[in-house]
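Here are the chains, one letter per residue:
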Amino acid sequence: MPRYTVHVRGEWLAVPCQAGTNTIRWLGEEAVRRYMKNKPDNGGFASVEAVNFFVRRCKGRGLLDHDDATEDVLEDNEFVEVVIEGDAMSPDYIPSQPDEIYTYSKYREPGKYISLDGDNLTTEDLVSLGKGLYKIKLTPQAEAKVRQSREVIESIVKEQTVVYGITTGFGKFARTVIPNSKLKELQVNLVRSHSAGVGKPLSPERSRMLLALRINVLAKGYSGISLETLQQVIDAFNASCLPYIPEKGTVGASGDLAPLSHLALGLIGEGKMWSPKSGWADAKYVLEAHGLKPITLKPKEGLALINGTQMITSLGCEAVERASAIARQADIVAALTLEVLKGTTKAFDTDIHSVRPHRGQMEVAFRFRSLLDSDHHPSEIAESHRFCDRVQDAYTMRCCPQVHGVVNDTIAFVKGIITTEINSATDNPMVFADRGETVSGGNFHGEYPAKALDYLAIGVHELAAISERRIERLCNPSLSELPAFLVTEGGLNSGFMIAHCTAAALVSENKALCHPSSVDSLSTSAATEDHVSMGGWAARKALRVIEHVEQVLAIELLAACQGIEFLRPLKTTTPLEKVYDLVRSVVRPWMKDRFMAPDIEVTHRLLVDQEVWKVAEPYIEKYKREHIPESRPTSPTAFSLGSLMVNDKCVEQEDNDVQEKL
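As the structure is a prediction and not an experimental result, all values here were calculated from the model. (Residues numbered from 1 in each chain as written. Predicted model: local features only at pLDDT ≥ 70, side-chain atom pairs only at ≥ 80, totals over all residues. Heavy atoms only, no water.)

A. Just the layout of surface pockets, in detail. Of the voids in this model, the second largest pocket is the one considered here, and its volume is about 570 Å³. Considering the residues around the second largest pocket, the lining is formed by 23 residues, among which Thr344, Thr345, Lys346, Ser374 and Arg386 are closest to the centre. Its residues assigned to classes, the lining of the second largest pocket shows seven nonpolar, six polar and ten charged. (1 Å grid on protein atoms, 1.4 Å probe; cavity = no way out; pocket = protein on both sides within 12 Å on 5 of 7 lines; lining within 4 Å. Points joined across faces, edges and corners; volume = space filled by probe spheres on them. Nonpolar A, V, L, I, M, F, W, Y, C, P; charged D, E, K, R; others polar.)

B. Here's a closer look at a negative patch on the surface. Together, Asp65, Asp68, Glu71 and Asp72 make up a negatively charged patch on the protein surface. Judged by relative accessible area, which is 45%, Glu71 ranks as partly exposed. (Patch = residues over 30% accessible without salt bridge, like charges linked within 9 Å, V, L, I, M, F, W, Y side chains within 5 Å. Areas by Shrake-Rupley, 256 points an atom, 1.4 Å probe, with all protein chains shown as cover. Salt bridge = Lys/Arg side-chain N within 4 Å of Asp/Glu carboxyl O. Lys, Arg positive; Asp, Glu negative; His and termini not counted. Charge placed at Lys NZ, Arg CZ, Asp CG, Glu CD. Buried < 20%, exposed > 50% of the residue type's maximum accessible area, 1.4 Å probe, protein only.)

C. Molecular detail of the nonpolar core. If you look at the biggest cluster of nonpolar residues, it comprises 160 residues, and the most contacted ones within it are Ile215, Leu453, Leu456, Val460, Leu463 and Phe496. Judged by nonpolar contacts, the second largest core, of 22 residues, contains Val8, Val51, Leu74 and Val82. (Core = buried A, V, L, I, M, F, W, Y, C linked by side-chain atoms within 4.5 Å.)

D. Spatial organisation of the side chain of Ser195. Within the secondary structure layout, Ser195 lies in the loop between helix 6 (183-194) and strand 8 (198-201). Polar contacts involving the side chain of Ser195 include one to the main-chain carbonyl oxygen of Val191, which spans 2.7 Å. Ignoring any residue separated from it by four or fewer positions in sequence, one finds Ser195 in contact with Ser261, His262 and Leu265. (Helix = DSSP H or I, 4+ residues; strand = E, 2+ residues; numbered from the N terminus. Polar contact = N/O pair within 3.5 Å; in protein donor to acceptor, adjacent residues only side chain to side chain. Contact = heavy atoms within 4.5 Å.)

E. Looking closely at helix 7 (residues 204-218). If you check helix 7, its first and last C-alpha atoms are 21 Å apart, about what 15 residues at 1.5 Å a residue would give, namely 21 Å. In terms of residue burial, helix 7 counts as a mostly covered element, since 13 of its 15 residues are buried. (Expected span 1.5 Å × (residues − 1).)

F. Summary view of the sheet that holds strand 9 (residues 242-243). With antiparallel pairing, the three strands of this open sheet are ordered in space as 9-11-12. Since the sheet does not close on itself, it has two edges, and those belong to strand 9 and strand 12 (279-282), each with one partner. Taken together, the two bridges between strand 9 and strand 11 (residues 272-275) define a ladder with antiparallel strand orientation. Counterpart to Pro243 in the pairing with strand 11 is Met273. (Pairing = 2+ DSSP bridges.)

G. Fine view of the pairing of strand 1 (residues 3-8). A large share of strand 1 lies buried, amounting to five of its six residues. The pairing of strand 1 with strand 2 (residues 11-16) spans six bridges and is antiparallel. For Thr5, the partnering residue across the bridge sits in strand 2 and is Ala14. What sits between strand 1 and strand 2 in their antiparallel hairpin is a turn of two residues, with Arg9 showing a positive phi close to 45°. Summarising the sheet, strand 1 and strand 5 (residues 79-84) pair through four bridges and their orientation is parallel.

H. Geometry of the packing of aromatic side chains. In this structure the tally under the stated criterion is nine aromatic pairs. Ring geometry for Tyr164 against Phe170: centres 6.2 Å apart, planes inclined by 85°, an arrangement best described as edge-to-face. The exposure class assigned to Phe170 is buried, which follows from its relative accessible area of 14%. A cation over a ring is seen here: Lys137 above Tyr113, with NZ or CZ 5.7 Å from the ring centre. (Phe/Tyr/Trp six-rings, centres within 6.5 Å; stacked < 30°, edge-to-face > 60°. Lys NZ or Arg CZ within 6 Å of the ring centre and 35° of its normal.)

I. Spotlight on the sheet that holds strand 5. Taken in spatial order, the five strands line up as 2-1-5-3-4 in an open sheet, and their pairing is mixed. Strand pairing shows two members of the sheet lacking a second neighbour, strand 2 and strand 4 (63-64), which therefore form its edges. The sheet contacts of helix 1 (residues 24-37) involve strand 1, strand 2, strand 3 (53-57), strand 4 and strand 5, and relative to strand 2 the element is tilted by about 125°. (Axes fitted to C-alpha atoms, helices over the stretch in contact; angles between N-to-C directions.)

J. The environment of Asp593, seen in detail. Mapped onto the elements of the fold, Asp593 is located in the loop between helix 22 (574-584) and helix 23 (597-608). Among the residues examined, Asp593 registers a relative accessible area of 33% and is labelled partly exposed. Along the primary structure Asp593 and Asn189 are separated by 404 residues, whereas in three dimensions their C-alpha atoms are 60 Å apart. Discounting chain neighbours no more than four positions away, the residues touching Asp593 are Val487, Leu492, Asn493, Ser494 and Gly495.

K. Quick look at the pattern of salt bridges. Tallied over the full model, the rule gives 36 salt bridges. Ionic pairing is found between Lys135 and Glu109, a salt bridge with its closest N-O pair at 2.7 Å. With a gap of 26 residues between them, Lys135 in strand 7 (residues 135-138) and Glu109 in the loop between helix 3 (98-106) and strand 6 (113-116) connect regions that are remote in the sequence. With a closest N to O distance of 3.2 Å, Lys298 and Glu228 form a salt bridge. Residue Lys298 is found in the loop between helix 10 (283-289) and helix 11 (301-306), and its partner Glu228 is found in helix 8 (residues 227-238); the two are separated by 70 residues along the sequence. Overlapping salt bridges bring together Arg206, Glu318, Arg322 and Glu550 as one network.

L. Representation of unusual backbone geometry within the structure. In the segment running from Ala253 into Ser254, the intervening peptide bond is cis, with an omega of 0°. Tracing the chain through its elements places Ser254 in the loop between strand 10 (246-248) and helix 9 (257-267). With a phi angle near 55°, Lys342 is a residue other than glycine that sits in the positive phi range. Locating Lys342 in the fold gives a position in the loop between helix 12 (310-340) and helix 13 (350-354). A residue is classified by how much of its surface remains accessible, and Lys342, at 25% relative accessible area, is partly exposed. Of note in this structure, Met534 is not a glycine but carries a positive phi near 55°. With respect to the secondary-structure elements, Met534 resides in the loop between helix 20 (497-513) and helix 21 (535-565). Judged by relative accessible area, Met534 falls into the buried class, the value being 14%.

M. Geometry of the environment of Ile234. Among the structural elements, Ile234 can be located in helix 8. On the accessibility criterion, Ile234 (1% relative accessible area) is buried. C-alpha of Ile234 to C-alpha of Glu437: the two residues are 203 residues apart in sequence and 26 Å apart in space. Ile234 has contacts with Ile136, Leu138 and Ile215, leaving out every residue within four places of it along the chain.

This is the structure we're talking about:
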């Protein structure tokens, strides 16, 4: 017998149906009837027949025809909503937003697995897990370590040993001993009381990352969680059952208590939860719809689920990966601008950078050479001003290797910190099975990722700061020798005038966001937790800074491509022409004023999806092979060339393979 979970005025009702006999109208009426039955005043309705309503899916929000048979339009255990005519949206119902509808459409249940052992997760892996590209399983070694640490906890409970968080209260109540009969209640109370976050919920992708990272930490075997409970957490992840996790509320010590408590709350069947199948609904119904049971917490398991820096660090992984992507593409965008402004490539000479051999600086200079070398990639634009009297360019072009370079080095440094953190045990107390004891410490403190992410925001911001100045040069006719604001019939048309203002506004906002959150600390928990990291805000604002950088560079990319229009029929280098063609595949030239925001948005998406890098990368790698032949490795491993990390799959391609790719 099929069954559906129906939302009526803030309540979720399970409604069984007779196969082949019931319609959507019947389902709606039966849900209203059950709703009325549970209300002393019948919910304010005189009768079911007097209620006018419509029915829609929770997933995607599609309306359903009253006359359709339920089995024809609904899947078993599907979630639907009955909307009463005249009702305002129930305050405890979380509607699907457009970005979540996009998530529905792109989510496909993965068939591949990543094996977690707590020691070898990468930032790239975690971002892929967040995108729903993989499921999770534990390695046999991790399972053994989890079992061993749980045996220590069971011994403590059996012997009634006084241990923080297991047989005592928390924080200020650490000296309050809890009787064995209430140890399970202690863990549930911990999760409920600490679920005190506010703000918008994390997106499904970010919730997946947070859940996956907590699983990886638990897999290390220092938390004391049982293997049975950990497997239930993994099952919830693999079914994409994601609790409602408000983004605000963590001070970053003791770890990310509020967001991780919301994570645990959903896993025990309380609060709200999201899945691609259900949309937002009560957690117990979402779990049940996927054949899962709420977790019943054993001693120490509530604490094991909520104590750690995983909110800061999971968002930090996304920040690091997005920063890496936009930093690479910033070089390409700046190179295109330099061509449009008829700049010189002399500032990227190898000898200049070899005498100041910062790794990032050398890498950026090499990318500029690989994109602009007119001997390798003939440029008609470069040839047109070969004998001009200009000696050198403005700093915004000439100093790209030095400015962009330190951004690359900053990202590399932060990635090292974050990679260590995602493979670290951050609980308190720590369970050391080999010693047969627990030890209290401070690994939950988020100062490491907090400081690193503040540094990341400061570093990456500079890409937008210098990009905005290049946009000014493109739009200013006294600096560019191009039409004012890159449009014909100026005055009648305003062109890129306000797009530049948008870039300036984003850069200015970034200046405030770059103030380090980790320089602040407020004492909490009655002065027990008297120094905190404020790492949650460090992570969230780093992501906002990076998004602004992406948007500013999207505006520069649009402006540079528009500048190319005024230099036609001259062509730039082959790789930069390919970048121009990519942009023109989604944005047409600016002949007269039109609605500009969609152009910025779609170009921003090209950068987020790394499409600009994908177009230019084959040319960069081919140039690398042809100009640095000694860099070819003798074994299929990555190697370092000064500042250049070259992947074997790039350098091992033969010329004809590269040409085919081009």
